[in-house]
Amino acid sequence: MSGEQPVVDLRSDTVTRPSAAMRRAMAEAEVGDDVYGDDPTVNALEAEVAELLGYQAGLFTATGSLANQLALRLLVKPGEELVCDRIAHVVRAEMGAAATFSGITTRTWEAAAGRLDPETVAGVITPNAGWHQVSTTAIAVENTHNFGGGTVQPLEAVRAVQRLAREHGLGVHLDGARLWNAHVASGVPLLELAAGFDTVSVCLSKGLGAPVGSVLVSSAERIAEARTWRKRYGGAMRQVGILAAAGRYALRHNIERLADDHDRAARLAAALGLKPERVETNIVVLQVPDAPAVGLAAREQGVIVSVIGPKLIRLVTHLDIDDDDLDRAIGVLTPLLAS
């Protein structure tokens, strides 16, 4: 690895470090004991996110996985079925938590670039399957889609899936970890993107630059139940306002600047030979003959990428990547991909 130049880390938008201003906000946060509901800063964050997305209440969690798993616990009973696409984060990257903690079974559908297709979803669900088969009770939608390459879900497809769910009495969860990116890329208001779901999770440490945290929003009744399950899972914290202050700062200062990340991702993709229309937000997924070899060679030259499959690498732009970093990454990766 290069000894003098700083590392260019494109593994994820979760690798960012809090800015000096965000650290000040954290240090000055008013705190209390959140297990007793007494932390004013986290209470304010939960209320702000709930209002921003059009729901009654919110719940702060340490991770996006915990927010997702709490939502699934609310919507799917043990032995019932969740359906989602094959590369959705809830089944690909949460370590089998739905089965381990909640006894949830899953079935999946194929989705090119993670893009939602209502007809495909309709062909997978099996509500009220009777005594001999597993009944579907919820559908999970991811927007933007991580392993799909930052895909923004078409709003009309989302609405069609929501109607399908209502027709069959199914719950619908939105994994909106990067919903902020979908909002900035599409211009669709957050209220519209989040509308019509039973539960929605959003992340504060992906793209927005907070060091920790997600928020789950839903009805007041569901969030009260989720709060109980968070405690049961060991996820309740005490003076959490220190972390919540970072999330509040991120919401005020770091949403609109996501457009810069999107622009850099498009430039990176074009330089590496990917069609620009394949990159909608801040994630670039490339198919290569030997992903581990490319990842190792890039790391030796000071550029870190994610190897997400034998032949797939992922590059993610974020607020700690500037134009000079991007040029350096292009200079390192271009010959590696050509060889």
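Small disclaimer: the values here were computed from a predicted structure and weren't measured.

A. How the structure looks around the packing of aromatic side chains. Summed over the entire model, instances satisfying the criterion amount to two aromatic pairs. Taking 5.5 Å as the distance between ring centres and 40° as the angle between the ring planes, the aromatic pair formed by F101 and Y233 counts as tilted. Taken together, the residues F101 in helix α5 (residues 97-102) and Y233 in the loop between α10 (220-232) and α11 (241-253) connect sequence positions 132 residues apart. Classification of F101 as exposed rests on a relative accessible area of 51%. On the basis of relative accessibility, which here comes to 26%, the residue Y233 falls in the partly exposed class. Ring plane angle 55° and centroid distance 5.6 Å describe the contact between W229 and Y233, whose orientation is recorded as tilted.

B. Geometry of the side chain of T137. Position of T137 among the secondary structure elements: in strand β5 (residues 136-142). Other than its neighbours up to four places away in sequence, T137 contacts L75, V76, E80, E81, L170 and G171.

C. Here's a closer look at the sheet that holds strand β6 (residues 171-176). An order of β2-β8-β7-β6-β5-β3-β4 is seen for the seven strands of this open sheet, with the pairing classed as mixed. Only two strands of the sheet have a single neighbouring strand rather than two, namely β2 (57-61) and β4 (105-109). For this sheet, the mean angle separating the axes of adjacent strands, direction not counted, is 20°. In terms of strand pairing, β6 meets strand β7 (residues 199-203) through four bridges, oriented parallel.

D. Molecular detail of the environment of E256. Examined against the element boundaries, E256 turns out to sit in the loop between α11 and α12 (258-271). What makes E256 exposed here is its relative accessible area of 56%. The sequence separation of E256 and H183 amounts to 73 residues, and the corresponding C-alpha distance is 9.2 Å.

E. Looking closely at the side chain of T151. Along the chain, T151 turns up in the loop between β5 and α7 (155-167). By relative accessible area, which is 3% here, T151 ends up buried. In terms of polar contacts, T151 uses its side chain to reach the backbone carbonyl oxygen of A113, at 2.6 Å. Looking at T151, its side chain comes within polar contact range of the main-chain oxygen of G148, at 3.4 Å. Apart from residues no more than four positions distant in its own chain, T151 is found in contact with A113, R115, N143, T144, H145 and E280.

F. Quick peek at the sheet that holds strand β12 (residues 312-316). Spatially, β9-β12-β11 is the arrangement adopted by the three strands of the open sheet, whose pairing is antiparallel. Two strands in the sheet have a free side with no partner beyond their single neighbour: β9 (283-287) and β11 (306-309). Across this sheet, the average inter-strand angle for adjacent strands is 30°, counted without regard to direction. Relative to β12, β11 is paired through three bridges, and the arrangement is antiparallel. Bridge pairing in β12 links S306 to R314. The sheet contacts of helix α13 (residues 291-300) involve β11 and β12, and relative to β11 the element is tilted by about 175°.

Reading the values: rules and limits
Residues numbered from 1 in each chain as written. Predicted model: local features only at pLDDT ≥ 70, side-chain atom pairs only at ≥ 80, totals over all residues. Heavy atoms only, no water. Phe/Tyr/Trp six-rings, centres within 6.5 Å; stacked < 30°, edge-to-face > 60°. Helix = DSSP H or I, 4+ residues; strand = E, 2+ residues; numbered from the N terminus. Buried < 20%, exposed > 50% of the residue type's maximum accessible area, 1.4 Å probe, protein only. Contact = heavy atoms within 4.5 Å. Pairing = 2+ DSSP bridges. Axes fitted to C-alpha atoms, helices over the stretch in contact; angles between N-to-C directions. Polar contact = N/O pair within 3.5 Å; in protein donor to acceptor, adjacent residues only side chain to side chain.

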